[in-house]
Amino acid sequence: MLKKIIIFLLMGAPLFPGFFPSSVRSRIVSVNGNRAVIDRPFPVNGMSGIVIHDFGKGRSVVSAIAVQSSSSKVKLRKGDLLGADNLPGPSKTAVVGDRVIGGYLYDNVLLIAPNAKTYASITTSSRKHWIHPDLFAAYLGREGDSSINRKNLAGFAKEAQVGLVYIVGRDRAVLLDPISGHVVARKSYTPKGSESRYPFYMRFNRFRSGFFGGSAGDYYKEVEALLQ
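Let us look at the structure shown here. (Residues numbered from 1 in each chain as written. Predicted model: local features only at pLDDT ≥ 70, side-chain atom pairs only at ≥ 80, totals over all residues. Heavy atoms only, no water.)

## Details of the overall build of the chain
Formally: Helix and strand labels come from DSSP, where a helix needs a run of H or I of at least four residues and a strand needs a run of E of at least two; each type is numbered from the N terminus. Any pair of residues with heavy atoms lying within 4.5 Å of one another is described as a contacting pair. Working definition of accessibility: Shrake-Rupley area with a 1.4 Å probe, residue cover restricted to the visible protein chains.
Helices and strands together make up the secondary structure of the chain, namely 5 helices and 11 strands. Counting only contacts in the chain whose residues sit at least 6 apart along the sequence, the fraction spanning at least 24 positions is 58%. Surface accessibility of the chain: about 12000 Å² in total, with carbon and sulfur atoms responsible for 54%.

## Describing the sheet that holds strand β8 (residues 129–131)
Cut-off, in case you're wondering: Only strands that DSSP links by at least two bridges are regarded as paired with each other. Axes here refer to lines fitted to C-alpha atoms; in helices the fit is confined to the stretch in contact. Angles between the N-to-C directions go from 0 to 180 degrees.
One open sheet accounts for 5 strands, arranged β8-β7-β9-β10-β11; its pairing is mixed. Edge positions in the open sheet fall to β8 and β11 (182–188), since each of these has one partner strand only. Each neighbouring strand pair of the sheet contributes to a mean axis angle of 25°, computed without reference to strand direction. As judged from the 4 bridges shared by strand β7 (residues 108–112) and strand β9 (residues 164–168), these two strands associate in the parallel manner. Bridge pairing in β9 places Leu 110 opposite Val 165.

## What to know about the pattern of salt bridges
The condition is simple: The salt bridge definition used is simple: a Lys or Arg side-chain nitrogen within 4 Å of an Asp or Glu carboxyl oxygen. Buried, partly exposed and exposed residues are distinguished by accessible area as a fraction of the type maximum, computed with a 1.4 Å probe on protein chains only: under 20%, between the cut-offs, and over 50%, respectively.
Taken as a whole and assessed by the stated rule, the structure comprises 7 salt bridges. We note a salt bridge from Asp 54 to Arg 99, for which the minimum N-O separation is 2.9 Å. Here Arg 99 lies in strand β6 (residues 99–102) and Asp 54 lies in strand β3 (residues 48–56), a separation of 45 residues in the sequence. Put simply, Glu 159 and Arg 142 hold a salt bridge, and the shortest N to O gap is 2.8 Å. In this pair, Glu 159 sits in helix α4 (residues 150–160) while Arg 142 sits in helix α3 (residues 133–143), placing the two residues 17 residues apart along the sequence. Judged by relative accessible area, Arg 142 falls into the partly exposed class, the value being 45%. In the salt-bridge network here, residues are joined through shared partners; they are Arg 142, Glu 143 and Glu 159.

## Focus: helix α2 (residues 116–123)
Rule in force here: Note that the arc is defined by the directions from the helix axis to the C-beta atoms. Here a polar contact means two N or O atoms within 3.5 Å. Within protein one must be a hydrogen donor candidate and the other an acceptor candidate, and residues neighboring in sequence count only if both atoms are side-chain atoms.
Buried within α2 we find Thr 118, Tyr 119, Ile 122 and Thr 123. The buried residues of α2 all sit within an arc of 115° when viewed along its axis, so they share a single face. Against β7, β8, α3 and β9 lie the buried residues of α2. For α2, the N-terminal capping position is held by Asn 115, with its side-chain oxygen 3.3 Å away from the main-chain nitrogen of Lys 117.

## Quick word on the side chain of Thr 123
Within the secondary structure, Thr 123 sits in helix α2. Residue Thr 123 is classed as buried on the basis of its relative accessible area, which comes to 17%. Looking at Thr 123, its side chain comes within polar contact range of the main-chain oxygen of Ala 120, at 3.4 Å.

## Some points on the packing of aromatic side chains
Heads up, the condition is: In this scheme Phe, Tyr and Trp rings, the latter by its six-membered ring, pair at centre separations within 6.5 Å, and the angle between planes marks the pair as stacked below 30 degrees, edge-to-face above 60, and tilted otherwise.
As enumerated under the stated definition, the model contains 9 aromatic pairs in all. Ring centres of Phe 19 and Phe 20 lie 5.6 Å apart, and the angle between their planes is 70°; on these two criteria the pair is classed as edge-to-face. Under the relative-accessibility criterion, Phe 20 is labelled buried at 12%. Taken together, a centroid distance of 5.0 Å and an interplanar angle of 85° make the contact between Tyr 219 and Tyr 220 edge-to-face.

Below, the structure is given as structure tokens:
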């Protein structure tokens with residue numbers, strides 16, 4: 001009996017990986033317009049992925065972005081996560097048999113944190129490729145944005161190949177998929193220390209348009225909408 005329980009737990013392990021959802025490889029089994037059914041569901045609804053169309057002889061192209069709406073069911077839209085939307089591809093977003101990778105780039109994570117202690121604590125405790133928030137700050141300065149929102153996170157994610165945004169709140173943390181705009185994981189979390197930088201922790205004291213640095217704003221109010 002114990003052996004059967006252990007086997008069951010091992011079989012279920014990929015679907016329960018902890019805070020970070022696991023990437024999943026699947027195939028499309030049916031297509032109806034901009035909706036499709038895949039043979040292996042993503043672990044969490046709201047996860048995004050890519051659809052890969054094979055042309056044979058080792059040739060393939062990313063033909064669409066897939067976002068799971070319910071178990072095994074995904075919504076499709078033209079484009080990819082590689083910044084190459086203008087390259088020629090198949091006329092249809094997806095066909096039966098196309099490969100799907102859910103959680104593509106989920107190992108590339110941008111952390112939005114209130115201070116250096118929290119940032120260091122999280123980045124040293126998880127084996128991920130951490131995209132430094134300095135790069136996101138530079139992106140905001142270039143775009144002329146003074147606050148964080150789902151739109152500029154999605155734009156930066158595509159440019160910097162970010163799969164997840166880890167956002168720390170006052171008493172919780174979430175993982176936001178910037179491509180789908182959905183929160184795909186939540187947990188209780190207490191930041192380290194009482195300091196908070198506005199609009200988020202970065203190594204710049206002041207930046208281009210004067211948006212950043214100092215305490216002219218509340219970090220926790222800044223990220224509240226992203227935690228929902």
